[in-house]
Amino acid sequence: MVSMKDIAVACGVSVATVSKALNDHGDIGDITKKHIKDVAEKMGYFPNSAAKALKTNRTSNLGVLFVDEANSGLTHDYFSSVLDSFKREAEKRGYDITFINCSKTGSNHMSYLAHARYRGVDGIVIACVNFDDEEVDELIRSDIPVVTIDHIFNDRITVLSDNVSGMRELVNYCYEMGHRKIAYIHGAPSAVTRTRISSFYKTTEELGLEIPDEYVVEAAYRSTTATHDQTLKLLELPDPPTCILYPDDFSTFGGINAIHEKGLSIPDDISIAGYDGITIAKHIEPKLTTLQQNTEQLGKAAAENLISLIEHPKSTIITQIVVPGELYPGGSVKKI
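What this report covers is the structure whose coordinates are included nearby.

A few words on unusual backbone geometry. The peptide bond linking Ile266 to Pro267 adopts the cis configuration, its omega dihedral lying at 5 degrees. As for its position among the elements, Pro267 is in the loop between helix 11 (252-261) and strand 9 (271-273). Here Glu285 and Pro286 are connected by a cis peptide whose omega angle stands at -5 degrees. Assignment of secondary structure puts Pro286 in the loop between strand 9 and strand 10 (290-292).

The final tally for this structure, using the stated rule, is six aromatic pairs. A ring pair is formed by Tyr184 and Phe200, whose centres lie 5.1 Å apart and whose planes are at 40 degrees; its orientation type is tilted. Note that Tyr184 is positioned in strand 6 (residues 182-186) and Phe200 in helix 9 (residues 191-206), a separation of 16 residues in sequence. Both residues of the pair, Tyr184 and Phe200, count as buried. Ring geometry for Phe200 against Tyr201: centres 5.6 Å apart, planes inclined by 70 degrees, an arrangement best described as edge-to-face. Residue class for Tyr201 comes out partly exposed when judged on its relative accessible area of 34%. Between the NZ or CZ atom of Arg196 and the centre of the ring of Tyr275, over which it lies, the distance is 3.7 Å.

This paragraph deals with the packing of helix 2 (residues 15-22) against helix 3 (residues 30-42). A pair of packed helices can be characterised by two numbers: the angle between their axes and the separation between those axes. Across the interface, helix 2 lies against helix 3 with an axial gap of 9 Å and an inter-helix angle of 90 degrees. One element, helix 2, and the other, helix 3, form an angle in the roughly perpendicular class. Seen from helix 2, the contacting residues are Thr17, Val18, Ala21 and Leu22; seen from helix 3, they are Lys33, Ile36, Lys37 and Ala40.

What follows is about the sheet that holds strand 3 (residues 123-127). If you trace the six strands from one edge of the open sheet to the other, you get 2-1-3-4-5-11, paired in parallel fashion. The strands lining the two open edges of the sheet, one partner per strand, are strand 2 (96-99) and strand 11 (320-323). Taken pair by pair, the neighbouring strands of this sheet meet at an average axis angle of 20 degrees, ignoring direction. Relative to strand 4 (residues 146-149), strand 3 runs parallel, the two sharing four bridges. Residue pairing for strand 4: Val125 is matched across the bridge by Val147. Across the sheet, helix 5 (residues 77-92) lies against strand 1 (61-66), strand 2, strand 3, strand 4 and strand 5 (157-161), angled at about 175 degrees from strand 1, the strand it touches most.

On to the sheet that holds strand 7 (residues 216-218), then. Spatially, four strands are ordered 7-6-8-9 in an open sheet, and the strand pairing comes out parallel. Two strands close off the open sheet at either side, each with one partner strand: strand 7 and strand 9. Looking at each pair of strands side by side, their axes are set apart by 20 degrees on average, direction ignored. Here strand 8 (residues 243-245) runs beside strand 9; their pairing, made up of three bridges, is parallel. What sits directly across from Ile244, in strand 9, is Ile272. Strands strand 6, strand 7 and strand 8 of the sheet are contacted by helix 9, whose axis makes an angle of about 170 degrees with strand 6.

This next bit is on the side chain of Gln230. Its location among the elements puts Gln230 in helix 10 (residues 224-235). When sequence neighbours within four positions are dropped, the list of residues in contact with Gln230 reads Ile185, Val217, Glu218 and Ala219.

Moving on, we come to helix 11. Along an α-helix, a turn takes 3.6 residues, which lines up residues three or four apart on a common side. Listing the buried residues of helix 11 in full gives Thr252, Gly254, Gly255, Ile256, Ala258 and Ile259. Turning to helix 11, the residues buried within the fold contact helix 10 and strand 9. Just downstream of helix 11 lies Gly263, where phi reads positive at about 75 degrees.

With that settled, consider the environment of Ile100. Within the secondary structure, Ile100 sits in the loop between strand 2 and helix 6 (112-119). C-alpha of Ile100 to C-alpha of Thr225: the two residues are 125 residues apart in sequence and 30 Å apart in space. For Ile100, the contacting residues outside a window of four places in its chain are Gly63, Val64, Leu65, Tyr112, His115, Ala116, Val121 and Ile124.

What follows deals with the pattern of salt bridges. Close approach of charged atoms lets side chains of opposite charge pair. One pass over the full model with this rule turns up 16 salt bridges. Arg88 is paired through a salt bridge with Asp84; the nearest N and O atoms lie 3.0 Å apart. On the criterion of helical spacing, the pair formed by Arg88 and Asp84 is a turn pair, its members being four residues apart in helix 5. Judged by its relative accessible area of 37%, Asp84 falls in the partly exposed class. Put simply, Arg93 and Glu304 hold a salt bridge, and the shortest N to O gap is 3.9 Å.

Moving on, we get to helix 10. Here helix 10 spans 16 Å end to end across twelve residues, near enough to the 16 Å set by a 1.5 Å rise per residue. Among the residues of helix 10, those classed as buried are Ala226, Thr227, His228, Gln230, Thr231, Leu232, Leu234 and Leu235.

Calculation rules
Residues numbered from 1 in each chain as written. Predicted model: local features only at pLDDT ≥ 70, side-chain atom pairs only at ≥ 80, totals over all residues. Heavy atoms only, no water. Helix = DSSP H or I, 4+ residues; strand = E, 2+ residues; numbered from the N terminus. Phe/Tyr/Trp six-rings, centres within 6.5 Å; stacked < 30°, edge-to-face > 60°. Buried < 20%, exposed > 50% of the residue type's maximum accessible area, 1.4 Å probe, protein only. Lys NZ or Arg CZ within 6 Å of the ring centre and 35° of its normal. Axes fitted to C-alpha atoms, helices over the stretch in contact; angles between N-to-C directions. Parallel < 35°, antiparallel > 145°, perpendicular 65-115°, else oblique. Contact = heavy atoms within 4.5 Å. Pairing = 2+ DSSP bridges. Salt bridge = Lys/Arg side-chain N within 4 Å of Asp/Glu carboxyl O. Expected span 1.5 Å × (residues − 1).

Structure follows, in structure tokens:
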């Protein structure tokens, strides 16, 4: 392994000068600094991460806490896209990624906080977990820099998709297409769900629509079985809806199957719309009408703000970053 002493000999300078050059100190000339860096690169020098951590008190390692109830892991279309963007931005800034977990079974129990400290992460992004979990609360209350996605905590930076405007835009689009009987199959209880339901009711109220209670029902996110069953119930109502909104794009496949089972056609007999804007939804026929969330910006903003908290803790403002989405019209909502 190449050491700084080897580089010093090759360049004819002291080890201290090599160290200053590699750490971008300002008390040596740019030409000398560039020469030393070029030689180090050609010799295949890599700084020792453990030694660097001891010196800077940072590991350049970010933790990711991501545990969804459906156990879909990184096959979760929406969050995998957000985390991919987060990873790319973090790596561009010189950080590595470590997934944080919590062993709930066996004798070697380790909380999220304990695992984070064990791995020595500089900060953590939290996405898609049970935010009421006491293990999450312990992590939130710790001194580790944290950024959350789609859930607000006091004194923590949060990156949010604009669910209020997103639902409003989706409902307004269906209304403009002539629909007055709009049903909503929403996801399981969460901050995101509550926001979308409130926006749904507020928008329909502003449009002068009366939504029967039986038009608003629950199905777990990404559960095609639950949305299949709820769709059948909606279609069998004495006065069924003309348009059904689903909790997410993936779950619409359960609804589509139920609609086909009833011998109905989309959008001629019944219109549907999803939420998220996952890629596969644009490759079915008819293409799914959906609210496309900006996963690229969500992940990028989470990485930028977490790294800012780590590198500039005194000047980074604790705030909520709201990222707007965009309506994708598709072809699953009929003009009536």
